[in-house]
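# Geometric and topological summary
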Amino acid sequence: MSISLGHRTTRRVASMIIAAILIGLCAASASSTALAQPQILSAPLHIIRAGSGHAGRRVPVRAAPPASLTALAAFQPTTITVTYNGFSPEAQAAFAYAVSIWAQQISSPVPIQVNANWTALGPGVLGSAGPSYMMRDFLGAPVAGFWYPIALANKLSGADQAPTSPDISANFNSTFGSWYFGTDGITPFSQYDFVSVVLHELGHGIGVSGTASVDSLGSGSLGYSGYPSIYDRYTTDSAGTPLLNYANPSAALGAVLRANPLYFTGSNARTANGSANVRLYAPAAWAGGSSYAHLDETFNGTANALMTFSISNGESIHDPGDVVRGILQDLGWTTVNLVPTSTPTRTPTSTPTRTLTSTPTRTPTSTLTRTPTLTTTWFPTGMATSTPTRTSTSTPTRTVTTTPTAIPVISLKTWRVWFPLVVQR
Ligand SMILES: [Zn+2]
């Protein structure tokens, strides 16, 4: 079964977000002389519609990579620090477990700071998250003129660009009554796996997101303040034309973002996807927060299902999958490389040239921008619509640092994603 989502703009909430952004940016600017004048953006929040899913489907956490691969990739696990606001001990423990999985998947010399709120999000909303900031043209940026999630900018520059601010902002619904907080992946039919939801949302926070949007008149646009994100650099239409080559904004871009196959064409993602472009989620009706920033539903039921746009009751996905790891590599992350060296070389002939004709001239100073919306939300089945908001909490804060443990040496055989149980309703 499939799930569809919808979205609307709530101006009042957007205004609140802008105020919060201003406060955050003031703090960030004061804390880092490396930042130029930040740019501030506002955009719609997203609300949900429901669907249904894949009870019983499980993707277990993958075994740690063998030392031979991690040595080749110069891979060092990442320290991820979480500030927990209002979480129960069992919710916090499950969150920490999800964090420990990501810590072993991506490599950064700069710890990633997550600000996590356990807060009421409205009926049916499971969670929402996104990069706290986007940054471009920082020292060490691989490509000029593209926004990078701040956690990735930190990694690429080798320094914390906004040391007093969180890198990822995430909210999880405290009023949702069907959470499963176990870490064993055996989620009961009537519950939703919290570990999977956290893993998914953090995936958006580190970069599985884009800047595309379609307005009520059908006009599509890309970018914040005239600059696309590094994710946008690799997206094409079904004919292989980069979305960056479309007039922006335009009705043509709005049309191609809906009901047309969209693809992510980074070379590492393609390699992980059997040398094929990676299809993205693009329903006929634009679904803010879901369209474009998730893998297509064809990945449901596979080992690469984590970053599809929904999760079902009774479903557990505890590994990002090779395709998402490939996407992250294309964005600039160092990840554990799962693709064996014997994998056939991809054929570049079908990969379109990514001309950057729409990329503005590089500016001499780096710029930081607050992410205008929570990038994504996962929703359970059969729930009414509601509006997620960034919500402050008065609950005492606890900060816990998850320092990854050393990676054990194991055989190559255990280094493959496996998918032992597929049960679809
Ligand atoms: Zn999502």
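Residues numbered from 1 in each chain as written. Predicted model: local features only at pLDDT ≥ 70, side-chain atom pairs only at ≥ 80, totals over all residues.

## Re the overall build of the chain
- Within the chain one finds eight helices and 20 strands.
- Burial analysis of the chain (425 residues in total) assigns 52% to the buried set.
- The contacts of the chain with a sequence gap of at least 6 include a subset with a gap of at least 24, amounting to 78%. (Helix = DSSP H or I, 4+ residues; strand = E, 2+ residues; numbered from the N terminus. Buried ≥ 20, exposed ≤ 12 C-beta atoms within 10 Å, placed from the backbone. Contact = placed C-beta atoms within 7 Å.)

## Examining the confidence of the model for the chain
- Put simply, the chain has an average pLDDT of 73, and 62% of its residues get 70 or more.
- The least confident element of the chain, judged by mean pLDDT, is helix H1 (residues 11-31) at 35; the most confident is strand E13 (residues 235-236) at 98.
- The low-confidence segment residues 379-396, where pLDDT is below 50, has 66 contacts with residues more than four positions distant or belonging to other chains. (pLDDT = per-residue confidence, 0-100.)

## A closer look at unusual backbone geometry
- The amide bond that connects asparagine 248 to the next residue, proline 249, takes the cis arrangement and shows omega of 0 degrees.
- One can find proline 249 in the loop between E13 and helix H6 (251-256).
- With a phi angle near 55 degrees, aspartate 137 is a residue other than glycine that sits in the positive phi range.
- Its 21 C-beta neighbours within 10 Å are what place aspartate 137 among the buried residues.
- Of note in the backbone geometry, serine 225 takes a positive phi value of approximately 55 degrees without being a glycine.
- Positionally, serine 225 belongs in the loop between strand E12 (220-221) and E13.
- What makes serine 225 partly exposed here is the crowd of 15 C-beta atoms within 10 Å.

## So, the nonpolar core
- Phe95, Ala98, Trp102, Met135, Tyr148, Leu280 and Ile327 are the most contacted members of the largest nonpolar core, which totals 94 residues.
- The element that contributes the greatest number of residues to this core is helix H3 (residues 89-103), accounting for nine residues.
- Contact partners of isoleucine 327, with chain neighbours within four places excluded, come to Val208, Phe264, Gly266, Ala269 and Val278. (Core = buried A, V, L, I, M, F, W, Y, C linked by C-beta atoms within 7 Å.)

## Digging into helix H8 (residues 322-331)
- For H8, the tally of buried residues reaches 10 of 10 residues, placing the bulk of the element in the interior.
- Among all positions in H8, only Asp322, Val323, Val324, Arg325, Gly326, Ile327, Leu328, Gln329, Asp330 and Leu331 are buried.
- Glycine 332 lies just past H8 and shows a positive phi near 130 degrees.

## A closer look at helix H5 (residues 194-205)
- Across its 12 residues, H5 extends 16 Å between first and last C-alpha, which sits within 8% of the 16 Å expected from 1.5 Å per residue.
- When you tally the buried positions in H5, you get 12 out of 12 residues, the bulk of the element.
- Looking at H5, one finds that the buried residues are Phe194, Val195, Ser196, Val197, Val198, Leu199, His200, Glu201, Leu202, Gly203, His204 and Gly205. (Expected span 1.5 Å × (residues − 1).)

## Examining the packing of H3 against H5
- Running from amino to carboxyl end, H3 crosses H5 at an angle of 50 degrees, the nearest separation of the two axes being 9 Å. On the basis of their axis angle, the class for H3 and H5 is oblique. Of the two elements, H3 crosses H5, and the hand of that crossing is right-handed. Where H3 approaches H5, its residues Ala91, Ala94, Phe95, Tyr97, Ala98, Ile101 and Trp102 are matched on the opposing element by Phe194, Val195, Val198, Leu199 and Leu202.
- Here the contact of H3 with H5 is composed, by residue class, of 12 nonpolar, no polar and no charged. (Axes fitted to C-alpha atoms, helices over the stretch in contact; angles between N-to-C directions. Parallel < 35°, antiparallel > 145°, perpendicular 65-115°, else oblique. Left-handed = near helix turned anticlockwise from the far one by under 90°. Nonpolar A, V, L, I, M, F, W, Y, C, P; charged D, E, K, R; others polar.)

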